[in-house]
Amino acid sequence: MFAFPLTPEQTDFPHAAQAALILRTTHHLKALKVTHDAQFLITSRPHARLSPLQFNHAVRGHWTIEDILHYPRDVTLGEDQSTARTGYSPQNLAAFRNLVQGLNALHACLRPARVKYLPNLLRTAQNDRAALLDLIIRPLPLPAAAA
């Protein structure tokens, strides 16, 4: 990563103070090829408030969100393959997926190991509806201070 200062006049972004260039090299083992990518980033934080190391952590932190929130919805719950496109169907299904993901996270410590991991829960639920019912009807645990 190469970070450098810049001005709003240089970019047409009114609050730009710093930019970074990230160069990536990816080795695709199955295809036996190498690809090179360049990514430019702009921030309103000057170098004094955001060092290149902090900038790099912020960029990598973005992928934490992708891994924790979006991957389970897109891949495990099949959101990308959804054919719901009209009316309120997409929003309703997204709300339901969020509910399943949230309940699964809340109750992970209370359930048997076979259904703690969301893909395992979905596989188990195909043959055992009690696992899903347990997820929905079990009371939420009280916080430690309220117990």
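This text follows the structure it describes.
In short, a report on the structure.

Reading the values: rules and limits
Residues numbered from 1 in each chain as written. Predicted model: local features only at pLDDT ≥ 70, side-chain atom pairs only at ≥ 80, totals over all residues. Heavy atoms only, no water. Pairing = 2+ DSSP bridges. Helix = DSSP H or I, 4+ residues; strand = E, 2+ residues; numbered from the N terminus. Axes fitted to C-alpha atoms, helices over the stretch in contact; angles between N-to-C directions. Contact = heavy atoms within 4.5 Å. Buried < 20%, exposed > 50% of the residue type's maximum accessible area, 1.4 Å probe, protein only. Polar contact = N/O pair within 3.5 Å; in protein donor to acceptor, adjacent residues only side chain to side chain. Salt bridge = Lys/Arg side-chain N within 4 Å of Asp/Glu carboxyl O.

It is worth spelling out the sheet that holds strand E1 (residues 2-5) at this point. Spatial ordering of the open sheet is given by E1-E2-E3, a layout of three strands whose pairing is antiparallel. Two strands bound the open sheet, and with one partner strand each, they are E1 and strand E3 (33-43). Adjacent strand axes in the sheet meet at a mean angle of 15 degrees when their direction is disregarded. Sheet analysis places E1 next to strand E2 (residues 18-28), joined by four bridges and oriented antiparallel. Across the sheet, the residue bridging to phenylalanine 4 is alanine 19, located in E2. With respect to the sheet, helix H2 (residues 52-76) is in contact with E1, E2 and E3, its orientation differing from that of E2 by roughly 55 degrees.

Its place among the elements puts glutamine 18 in strand E2. Of the residues examined, glutamine 18 reaches a relative accessible area of 1% and is grouped as buried. A polar contact of 3.2 Å, which involves the side chain of glutamine 18, links it to the backbone oxygen of leucine 50. The contacts of glutamine 18, once residues within four sequence positions are left out, are Ala3, Phe4, Pro5, Leu6, Leu41, Ile42, Thr43, Arg45, Pro46, His47, Leu50 and Phe55.

Moving on: the pairing of E2. The sheet contact formed by E2 and E3 spans eleven bridges and is antiparallel. Residue pairing for E3: threonine 25 is matched across the bridge by histidine 36. The antiparallel hairpin formed by E2 and E3 contains four residues in its connecting segment, where leucine 32 sits at a positive phi of about 55 degrees.

What the rule picks out here adds up to two salt bridges. Ionic pairing is found between arginine 73 and glutamate 79, a salt bridge with its closest N-O pair at 2.7 Å. The exposure classification of arginine 73 matches that of glutamate 79, with both residues buried. Residue glutamate 79 pairs with arginine 97 through a salt bridge whose shortest N-O separation is 3.5 Å.

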